[in-house]
Amino acid sequence: GFNGGVNLSYGQGVYRRTNNSLNFNYRINKLNFFSNASVNHNSTYQDLTIWRRYYQPTGEYTSAFTQNSYIQRNQGGNNLKVGVDFYASKKTTLGVVLNGFYNPSLVNVTNKAKVLNAANEITSLVEAVSPTDRVWQNGSANFNFTYKFDSTGKELSTNADYIHYQSTSNQTLTNTLFDPQNKFVSQSILFSSLPTTIDISTAKVDYTSPLKSGGKIETGLKTSFIKTGNVADFFDVLDGKRFPNYEFTNNFNYKENINASYVNYTREFKRLSVQAGLRFENTTIKGHQLGNKQTKDSTFTRKYNSFFPTFYARYRLDSAD
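Residues numbered from 1 in each chain as written. Predicted model: local features only at pLDDT ≥ 70, side-chain atom pairs only at ≥ 80, totals over all residues. Heavy atoms only, no water.

**Some details on the environment of Pro104**
By secondary structure assignment, the location of Pro104 is in strand S5 (residues 92–116). In this structure Pro104 comes out as partly exposed when scored by relative accessible area, which is 27%. Along the backbone, Pro104 and Gly76 are 28 residues apart, and their C-alpha atoms lie at a distance of 5.3 Å. (Helix = DSSP H or I, 4+ residues; strand = E, 2+ residues; numbered from the N terminus. Buried < 20%, exposed > 50% of the residue type's maximum accessible area, 1.4 Å probe, protein only.)

**Considering the layout of surface pockets**
Within this model, the largest pocket holds a volume of roughly 150 Å³. Tallied by class, residues from the lining of the largest pocket come to four nonpolar, two polar and three charged. (1 Å grid on protein atoms, 1.4 Å probe; cavity = no way out; pocket = protein on both sides within 12 Å on 5 of 7 lines; lining within 4 Å. Points joined across faces, edges and corners; volume = space filled by probe spheres on them. Nonpolar A, V, L, I, M, F, W, Y, C, P; charged D, E, K, R; others polar.)

**Some details on unusual backbone geometry**
A positive phi angle, close to 70°, is found at Asn182, a residue other than glycine. Counting through the fold element by element, Asn182 comes out in the loop between strand S7 (155–178) and strand S8 (184–193). Even without being glycine, Asp239 reaches a positive phi, approximately 55°. Within the secondary structure, Asp239 is located in the loop between strand S10 (215–238) and strand S11 (241–244). Residue Asp239 is classed as exposed on the basis of its relative accessible area, which comes to 81%.

**Description of the packing of aromatic side chains**
Tallied over the full model, the rule gives nine aromatic pairs. When the centroid spacing of 5.9 Å and the interplanar angle of 70° are considered together, the rings of Tyr15 and Tyr45 count as edge-to-face. Residue Tyr15 is found in the loop between strand S1 (2–12) and strand S2 (16–28), and its partner Tyr45 is found in strand S3 (residues 31–55); the two are separated by 30 residues along the sequence. For Tyr15, a relative accessible area of 28% gives the class partly exposed. Centre to centre, the rings of Phe234 and Phe248 are 5.6 Å apart; their planes meet at 70°, and the pair counts as edge-to-face. Of this pair, Phe234 sits in strand S10 while Phe248 sits in the loop between S11 and strand S12 (250–268), and the two are 14 residues apart along the sequence. Given the relative accessible area of 17%, Phe234 is considered buried. Judged by relative accessible area, which is 41%, Phe248 ranks as partly exposed. Counting every residue linked through ring pairs, the aromatic cluster contains Tyr15, Tyr45 and Tyr70. (Phe/Tyr/Trp six-rings, centres within 6.5 Å; stacked < 30°, edge-to-face > 60°.)

**A look at the pattern of salt bridges**
Per the stated rule, a full pass over the model turns up three salt bridges. Glu127 is the partner of Lys112 in a salt bridge, and the nearest nitrogen-oxygen pair spans 3.9 Å. On the criterion of sequence distance, the pair formed by Lys112 in strand S5 and Glu127 in strand S6 (residues 122–148) is long-range, its members being 15 residues apart. We note a salt bridge from Glu281 to Arg279, for which the minimum N-O separation is 2.8 Å. Relative accessible area serves as the criterion here: at 16%, Glu281 is assigned to the buried category. (Salt bridge = Lys/Arg side-chain N within 4 Å of Asp/Glu carboxyl O.)

**Quick word on the environment of Lys286**
Looking at the secondary structure, you find Lys286 in strand S13 (residues 272–290). Along the backbone, Lys286 and Gln46 are 240 residues apart, and their C-alpha atoms lie at a distance of 42 Å. Sequence-distant contacts of Lys286, defined by excluding residues within four places in its chain, comprise Asn253, Tyr254, Lys255, Phe300 and Thr301. (Contact = heavy atoms within 4.5 Å.)

**Topic: a nonpolar patch on the surface**
There is a patch of nonpolar side chains on the surface, built from Phe2, Phe24, Tyr26, Ile28, Leu31, Phe33, Phe86 and Leu94 and spanning about 670 Å² of accessible area. Among the secondary structure elements, those contributing two or more residues to the nonpolar patch are S2 and S3. Per element, the largest residue contribution to the nonpolar patch is three residues, and it comes from S2. Structurally, Phe33 is set in strand S3. Judged by its relative accessible area of 33%, Phe33 is partly exposed. (Patch = residues over 30% accessible without salt bridge, like charges linked within 9 Å, V, L, I, M, F, W, Y side chains within 5 Å. Areas by Shrake-Rupley, 256 points an atom, 1.4 Å probe, with all protein chains shown as cover.)

**What to know about the side chain of Ser35**
Its location among the elements puts Ser35 in strand S3. Accessibility expressed as a relative area gives 11% for Ser35, which makes it buried. Of note is the side chain of Ser35, whose polar atom sits 2.8 Å from the backbone oxygen of Lys81. (Polar contact = N/O pair within 3.5 Å; in protein donor to acceptor, adjacent residues only side chain to side chain.)

**Concerning the side chain of Asn142**
One can find Asn142 in strand S6. A polar contact is formed between the side chain of Asn142 and the side chain of Asn159, at a distance of 3.2 Å. In this structure Asn142 touches Gly95, Val96, Val97, Asn159, Ala160 and Asp161, once residues within four positions along its chain are discounted.

This is how it looks when you write it as structure tokens:
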């Protein structure tokens, strides 16, 4: 049959807030469809005023600094998940799940500061404006398969996943200096673009088998590949034109591959529970720090094998029943 639900909410302060979601599930014969989606928006603000007074060790007042910071945040969240399970038989199940989100964010920060002397006369005025526009995106796909050999719990399961993360962040920092009469003195503008990508691919196989003696054996294999790209581009802005700032600019790429296998044994006695396992990992890591006109590039590679033994034991002081 079909079932589902809808949730709606709205709140209003100085700014608005709304959270909305929808979910449904539909089962027909050997197919089960499911999905949920949400659309959210949240606007908040922070109004902060700081007073600072400076004195000599003798207690003589020397100067003062006041600052007002107004921070206004607009954050959105859009999420979607859809999937289907196919019950091929009483023993075999196959499934596909797709996920994604798109979350934009806009943050505006305005700082206004005054510097005063011992006579509480303004010596300078500073205004800093910093808008930041960010977007987070994600998409993932999962394929899964489960086979139950019998009713005792003997089972084989596999999962394959691919995930892609992407974010962008553009920020402008404008500092303006005024004299005590509020006349323009100087201005500096720094623009930054910070895109990031992450790709993750994994696949694993797990097998579980109860033993006639009362214990249980679990074993499996897994492989994963991770690739990231992190770019930090900075520019000084003069007369409306952007000039690369090589002091801050950076670019780093990273790759990682891990192949692993494990075996695990567990057994429950009347009062004693034990678990013992061994995991092996083969890891390869590569990193590349890209250079620019001021900084040379560099790379590194690491390869290593690791064993991870585990052992747990628990004893109940009284019987389970």
